[in-house]
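For reference, the chains in residue letters:
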Amino acid sequence: AQSVTQLDSHVSVSEGTPVLLRCNYSSSYSPSLFWYVQHPNKGLQLLLKYTSAATLVKGINGFEAEFKKSETSFHLTKPSAHMSDAAEYFCVVSVRGATNKLIFGTGTLLAVQP
Amino acid sequence: EPEVTQTPSHQVTQMGQEVILRCVPISNHLYFYWYRQILGQKVEFLVSFYNNEISEKSEIFDDQFSVERPDGSNFTLKIRSTKLEDSAMYFCASRSQPNTGELFFGEGSRLTVL
């Protein structure tokens with residue numbers, strides 16, 4: 001069965017410093033992986049997706065993620081955090097099938113300190 | 001930019017009452033979904049809908065739940081007799097293609113059952 005594990009429930013960084021949000025996946029086949037972001041009182045917005053093309057995926061707002069099969073990881077990074085990055089981030093795997101439903105991780109709450 | 005819209009944004013109801021949550025998916029999308037997030041827990045898949053019928057549902061989606069696309073634009077989730085544990089944020093989502101199309105989420109409807 002497909003699943004994702006987000007290793008940190010909370011991450012706090014200072015503005016201008018790098019961001020690393022960790023995600024490990026479990027999948028019996030080559031997975032489709034996503035990162036979604038949820039700002040307070042907002043919906044879920046797609047940051048980026050990996051669908052077996054390039055292993056380094058660039059997303060919106062300067063975020064990127066690298067698919068590492070040997071480590072079963074799909075960590076999200078950003079070189080320099082901005083105050084507006086404060087939000088909850090979800091690592092997500094798609095279950096292959098007729099509906100390609102999404103399985104969400106538990107989320108990582110990113111705080112950005114001035 | 002097209003978006004998925006949900007109403008109401010927040011509904012408070014008494015246990016045992018019927019609730020209908022409404023969604024207007026993006027107009028050219030064909031695949032529709034409901035997810036929910038109980039406070040402090042993961043976002044969970046409830047149901048997917050295509051071609052006017054349920055294509056997949058989770059074990060959460062029991063006989064108390066139903067979905068409908070009554071008029072070609074709205075997509076509704078009905079809970080017949082709400083329970084305390086139905087309190088959650090409910091997200092509607094849609095996509096144009098099942099395999100590669102991005103899943104677009106609405107901002108959610110928060111349901112509070114008293």
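Residues numbered from 1 in each chain as written. Chains lettered and ligands numbered in written order. Predicted model: local features only at pLDDT ≥ 70, side-chain atom pairs only at ≥ 80, totals over all residues. Heavy atoms only, no water.

A separate point is the overall build of chain B. Helix and strand counts for chain B come out as zero helices and 11 strands. Relative to its length of 114 residues, chain B is compact, with a C-alpha radius of gyration of 13 Å against a globular reference of 13 Å. By its C-alpha atoms, chain B is 40 × 25 × 25 Å across when sized along the principal axes. For chain B, contacts bridging at least 24 residues in sequence account for 53% of all contacts bridging at least 6. When the accessible surface of chain B is totalled, it reaches about 5800 Å², and 44% of it is carbon and sulfur. In chain B, which carries 10 positive and 15 negative side-chain charges, the distance between the mean positions of the two groups comes to 3 Å. (Helix = DSSP H or I, 4+ residues; strand = E, 2+ residues; numbered from the N terminus. Rg over C-alpha atoms; globule rule 2.2 N^0.38 Å. Contact = heavy atoms within 4.5 Å. Areas by Shrake-Rupley, 256 points an atom, 1.4 Å probe, with all protein chains shown as cover. Lys, Arg positive; Asp, Glu negative; His and termini not counted. Charge placed at Lys NZ, Arg CZ, Asp CG, Glu CD.)

The next subject is the interface of chain B and chain A. Taken together, the 19 residues of chain B in the interface contact 18 residues of chain A. For the pair chain B and chain A, the summed buried surface comes to about 1700 Å²; carbon and sulfur atoms form 52% of the total. (Buried area = accessible area lost by both parts, 1.4 Å probe.)

We now examine the nonpolar core. By size, the foremost hydrophobic cluster in this structure holds 26 residues, and its most contacted members are Trp35, Leu48, Leu76 and Tyr89 of chain A. For this core, the element with the highest residue contribution is strand β10 (residues 87–94) of chain A, accounting for four residues. Core analysis: the next-biggest nonpolar cluster, separate from the first, contains 23 residues, Val4, Ile26, Phe32 and Phe49 of chain B among them. (Core = buried A, V, L, I, M, F, W, Y, C linked by side-chain atoms within 4.5 Å. Buried < 20%, exposed > 50% of the residue type's maximum accessible area, 1.4 Å probe, protein only.)

Here we come to unusual backbone geometry. A cis amide bond links threonine 7 of chain B to the next residue, proline 8 of chain B, at an omega of -10°. With respect to the element layout, proline 8 of chain B can be found in the loop between β1 (5–7) and β2 (10–13). For threonine 72 of chain A, which is not a glycine, the phi torsion comes out positive at approximately 45°. Positionally, threonine 72 of chain A belongs in the loop between β8 (64–68) and β9 (73–78). For asparagine 51 of chain B, which is not glycine, the phi dihedral falls at a positive 55°. Structurally, the position occupied by asparagine 51 of chain B is in the loop between β5 (43–50) and β6 (53–57). In this structure asparagine 51 of chain B comes out as exposed when scored by relative accessible area, which is 59%.

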